[in-house]
Amino acid sequence: MAEVPLEAPAPKAVVPFTPVILKHIHEAGSHTLDHYLARGGYETARNLVGVAEPASLVKIVEDSGLRGRGGAGFPTGKKWTFLAKGTGKPSYLTVNGDESEPGTFKDRYIIEKDPHQLLEGVILTCWAIQSHHAFIYLRGEFILGYERLEAAVREAKAKGFIGTKIFGKDFDLKVVVMRGAGAYICGEETGMLSSIEGGRGYPKIKPPFPAVSGVFKSPTIVNNVETIAAVTHILKHGAAWHKQWGTEKKPGLQALLPFRRGEKTGRVRGAARHHFKRNDRRLWRWNGGGPHAQGRYPRRPFGPPADSGDGGEVHAGL
Ligand SMILES: Cc1cc2nc3c(=O)[nH]c(=O)nc-3n(C[C@H](O)[C@H](O)[C@H](O)COP(=O)(O)O)c2cc1C
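Residues numbered from 1 in each chain as written. Predicted model: local features only at pLDDT ≥ 70, side-chain atom pairs only at ≥ 80, totals over all residues.

Caption draft 1: Up close: the pairing of strand S1 (residues 92-97). Across the 6 residues of S1, 6 count as buried, placing the element largely inside the fold. The two faces of S1 match: Tyr92, Thr94 and Asn96 on one face and Leu93, Val95 and Gly97 on the other face are all buried. Sheet analysis places S1 next to strand S2 (residues 133-138), joined by 6 bridges and oriented parallel. Opposite Gly97, over in S2, you have Leu138 as the bridge partner. Judged from the 5 bridges that link them, S1 and strand S4 (residues 220-224) form a sheet pairing that is parallel. Within S4, the position partnered with Asn96 by the bridge is Asn224. (Buried ≥ 20, exposed ≤ 12 C-beta atoms within 10 Å, placed from the backbone. Helix = DSSP H or I, 4+ residues; strand = E, 2+ residues; numbered from the N terminus. Pairing = 2+ DSSP bridges.)

If you want it as structure tokens, here you go:
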């Protein structure tokens, strides 16, 4: 039998990195409605809510390959298709902003510094899954985040982006911001749902999964803060735009929280499923799935990331 020469797969072209979700967080007043509107905020929701076929939006998110940013990485669009229909019960969107993993703070940045971006994602998601009620659940210690998100909900409500007949369309949406009591287990989705129901944050046995029987025993979608913020951009730019970064199985951009032992922590946003060398000293740990994710990077070469220091953003390289 003729020998087939082993060839290394051709490397995927590196698309220049463009900050997206964390793009505005260093700008003064980035948490205010005026700031968000000035950069085209809520235009996507205005264009799509009450206009676009909800199922077509679920399809875009499915096609984009977006995977949950809360740790498990489940495909977001697929999860939305599991939402039970025709149950006679209301369905809910619950946004997980518990973020209690030591050393993680990506969701906190979104909540504190760009809450309207998150709210637009909530509005779009609720239209896509046809839910009239969203809970955004925050870690108990996120006092500034709670205040800013509450203020953002009030601002959006005053403009008619949340509430009855949003954007003048025949669609009502209630958004409730809740704070937990600061228990790590409340980040686990069923623990969070127990907490939202007013009980202790005890996890529940699955199945049934939340999409069938979640909060108040009603069909419920649980998504992470960053996941929902990403939806805002995917529905604005399309599935192909999202897929230009990352790999086939894990496309898109993702907030990364590298830090070195004993030194200042940092935050980068890079291509999802980037390939760091295990022993890279600058990006020592990846907190996407918590500190225990350390060492999970495949041993593959990568273009060294531009080191932008503490709190900077880099293109992680593919
Ligand atoms: C102990 C534990 C803690 C968790 N903490 C969080 C958290 O703080 N934030 C979060 O989004 N997901 C957390 N998760 C994952 C959630 O259960 C769930 O998978 C996620 O919120 C789903 O959103 P996604 O699909 O958008 O990632 C945790 C899971 C476990 C087991």
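This is not the end of the story, as more comes after the structure.
Caption draft 2: Structural view of the packing of helix H6 (residues 115-129) against helix H7 (residues 143-158). It is at 9 Å that the axes of H6 and H7 come closest, and there the two elements cross at 60 degrees. Comparing the axis directions of H6 and H7 gives the class oblique. Between H6 and H7 lies a crossing of right-handed hand. In this structure, H6 contributes Pro115, His116 and Leu119 to the contact, and H7 contributes Arg148, Leu149, Ala152, Val153 and Ala156. In the contact of H6 with H7, the residues fall into 6 nonpolar, 1 polar and 1 charged. (Axes fitted to C-alpha atoms, helices over the stretch in contact; angles between N-to-C directions. Parallel < 35°, antiparallel > 145°, perpendicular 65-115°, else oblique. Left-handed = near helix turned anticlockwise from the far one by under 90°. Contact = placed C-beta atoms within 7 Å. Nonpolar A, V, L, I, M, F, W, Y, C, P; charged D, E, K, R; others polar.)

Caption draft 3: Quick peek at H6. With 15 residues, H6 should reach 21 Å at 1.5 Å per residue; the first-to-last C-alpha distance of 21 Å fits that figure. Here H6 lies mainly inside the structure; 15 of its 15 residues are buried. Just downstream of H6 lies Gln130, where phi reads positive at about 60 degrees. (Expected span 1.5 Å × (residues − 1).)

Caption draft 4: Focus on helix H8 (residues 189-196). With 7 of 8 residues buried, H8 is to be regarded as a mostly interior element. Inspection of H8 places Glu189, Thr190, Gly191, Met192, Leu193, Ser195 and Ile196 among the buried residues, and these make up the whole buried set. Buried-residue contacts for H8 involve S1, S2, strand S3 (174-179) and S4. Of the residues one or two after H8, Gly198 is the one with positive phi, at around 100 degrees.

Caption draft 5: Region of the structure containing the packing of H6 against helix H9 (residues 225-237). Interhelical geometry of H6 versus H9 gives an angle of 75 degrees and a closest axis separation of 7 Å. Judged by the inter-axis angle, H6 sits roughly perpendicular to H9. Facing H6, whose interface residues are Gln117, Leu118, Glu120, Gly121, Val122, Leu124 and Thr125, H9 presents Val225, Ile228, Ala229, Val231, Thr232 and Leu235. Residue composition of the contact of H6 with H9, grouped by class: 8 nonpolar, 4 polar and 1 charged.

Caption draft 6: Spatial organisation of the site of the ligand. Every one of the 18 residues lining the ligand counts as a neighbour, but Gly68, Gly70, Gly187, Asn224 and Thr227 are closest to it. A per-element tally of the shell around the ligand places S4 first, with 3 residues. Of the residues in the shell around the ligand, the class split is 4 nonpolar, 9 polar and 5 charged. (Near = placed C-beta within 6 Å.)

Caption draft 7: Just the pairing of S2, in detail. Across the 6 residues of S2, 5 count as buried, placing the element largely inside the fold. The pairing of S2 with S3 spans 6 bridges and is parallel. Of the residues in S3, the one forming a bridge with Phe135 is Val176. On the question of chirality, the crossover connecting S2 to the parallel S3 by way of H7 is right-handed. (Right-handed = clockwise from strand over helix to strand, strands pointing away.)

Caption draft 8: Seen up close, the confidence of the model for the chain. On average, residues of the chain score 83 in pLDDT, and 76% of them reach the 70 mark or higher. Counting interchain partners and residues more than four positions distant, the pLDDT-below-50 stretch residues 273-318 has 89 contacts. (pLDDT = per-residue confidence, 0-100.)

Caption draft 9: Local environment of unusual backbone geometry. Cis peptide bonds are those with omega within 30 degrees of zero, and the linkage from Lys206 to Pro207 qualifies with -5 degrees. Counting through the fold element by element, Pro207 comes out in the loop between H8 and S4. Look at the link from Pro207 to Pro208: it is a cis peptide, with omega at 5 degrees. Locating Pro208 in the fold gives a position in the loop between H8 and S4. For Glu99, which is not glycine, the phi torsion reads 35 degrees and is therefore positive. Glu99 sits in the buried class, given 23 other C-beta atoms within 10 Å.

Caption draft 10: Inspection of the nonpolar core at higher detail. In this structure, Leu57, Val95, Val122, Ile123, Leu124, Ala134 and Ile136 are the most contacted members of the largest nonpolar core, which totals 68 residues. Both domains that meet at this core, namely domain 1 (33-242) and domain 2 (245-318), each give it at least three residues. Setting aside residues up to four positions removed in sequence, Val122 forms contacts with Leu93, Val95, Ala134, Ile136, Val175 and Ile228. (Core = buried A, V, L, I, M, F, W, Y, C linked by C-beta atoms within 7 Å. Domains from an automatic or database assignment.)

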